[in-house]
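Coordinates in review
Residues per chain are reported as follows:
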Amino acid sequence: MKEIYKILIIILAICGIAFVAYSSFWVVEDTNTLLTYGDEFSNQSTNTSIQLKDDVSASERVNITKGNYNLLIDSDAKWKVKYDIDGKSSQKEGNGSTNISLGTISSNGKIDFNQISKGSTSLEIYDSNNKFISSIYQAGKTVNLTYDLIVV
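The present account deals with the structure reproduced in this document. (Residues numbered from 1 in each chain as written. Predicted model: local features only at pLDDT ≥ 70, side-chain atom pairs only at ≥ 80, totals over all residues. Heavy atoms only, no water.)

1. A word on the nonpolar core
Soluble globular proteins: nonpolar side chains tend toward being buried together. Counted only if it meets this: As used here, the term nonpolar core means buried Ala, Val, Leu, Ile, Met, Phe, Trp, Tyr and Cys residues forming a set that is joined through side-chain atoms within 4.5 Å. Burial here depends on accessible area, computed with a 1.4 Å probe over protein chains only, as a share of the maximum for the residue type. Under 20% is buried, over 50% is exposed, and the range in between is partly exposed. Under the DSSP-based scheme used, a helix requires at least four consecutive residues in state H or I and a strand at least two consecutive residues in state E, with every element numbered from the N terminus. Throughout, a contact is declared for two residues whenever any of their heavy atoms are within 4.5 Å.
In terms of nonpolar packing, the biggest core is built from 21 residues, with Leu71, Ile73, Val81, Leu102, Ile111, Ile125 and Leu149 touching the most fellow members. Mapped onto this core, the elements with two or more residues apiece are strand S2 (56–64), strand S3 (67–75), strand S4 (78–85), strand S6 (98–105), strand S7 (108–115), strand S8 (120–127), strand S9 (132–139) and strand S10 (143–151). At 4 residues, S4 tops the list of elements feeding residues into this core. Not counting chain neighbours up to four residues away, the residues in contact with Val81 comprise Leu71, Ile73, Ser90, Gln91, Lys92, Ile100, Ile111, Asp112 and Phe113.

This is the structure in structure tokens:
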């Protein structure tokens, strides 16, 4: 009789371990599916976010509609930004946070942002109705970021 209880306990233990392993695999698989969906979604949407944590250069293409746009710079570092809107160039330098009106974008825009000193920076683009379009966040070191805004 004790042998049967030992066998039942071993079988229950194996089933428990198998259940935990299967559940873990299911959660990981669900997360991978979600990440894949998110990646596909961000490639097709203008609502994208990128997070960077080291010395980097990054470029992001964002599809937008014709209209007025603002660039919000939230930073605790020195920076320089150059932006071309429909062929017209402008440049600003600063230290800290600011809001830059990009004006009306009819065909395309390009934003080149350089964080010069160590710190953190968040760049966010909004339309004239304050609707979020895209963001990039960086913390730690220096960075060069480029946005290509394409009117579709």
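2. Points about a nonpolar patch on the surface
Put simply, the rule is: Patch definition: residues above 30% relative accessible area lacking any salt bridge, with like charges linked at up to 9 Å and the nonpolar side chains Val, Leu, Ile, Met, Phe, Trp and Tyr linked at up to 5 Å. Areas reported as accessible are Shrake-Rupley estimates using a 1.4 Å probe. Residue values count occlusion only from the protein chains shown. By convention in these notes, a salt bridge is any Lys or Arg side-chain nitrogen within 4 Å of a carboxyl oxygen on Asp or Glu.
A cluster of nonpolar side chains, namely Ile4, Tyr5, Leu8 and Ile9, defines an oily patch on the protein surface of about 420 Å² accessible area. If you trace the backbone, Ile9 turns up in helix H1 (residues 2–44). Owing to a relative accessible area of 56%, Ile9 belongs among the exposed residues under this scheme.

3. Some details on unusual backbone geometry
In this model, Asp86 sits at a positive phi of 50°, which is unusual for a non-glycine residue. If you trace the backbone, Asp86 turns up in the loop between S4 and strand S5 (88–95). The backbone of Asn130 shows a phi angle near 60°, a positive value even though the residue is not glycine. Topologically, Asn130 is positioned in the loop between S8 and S9.

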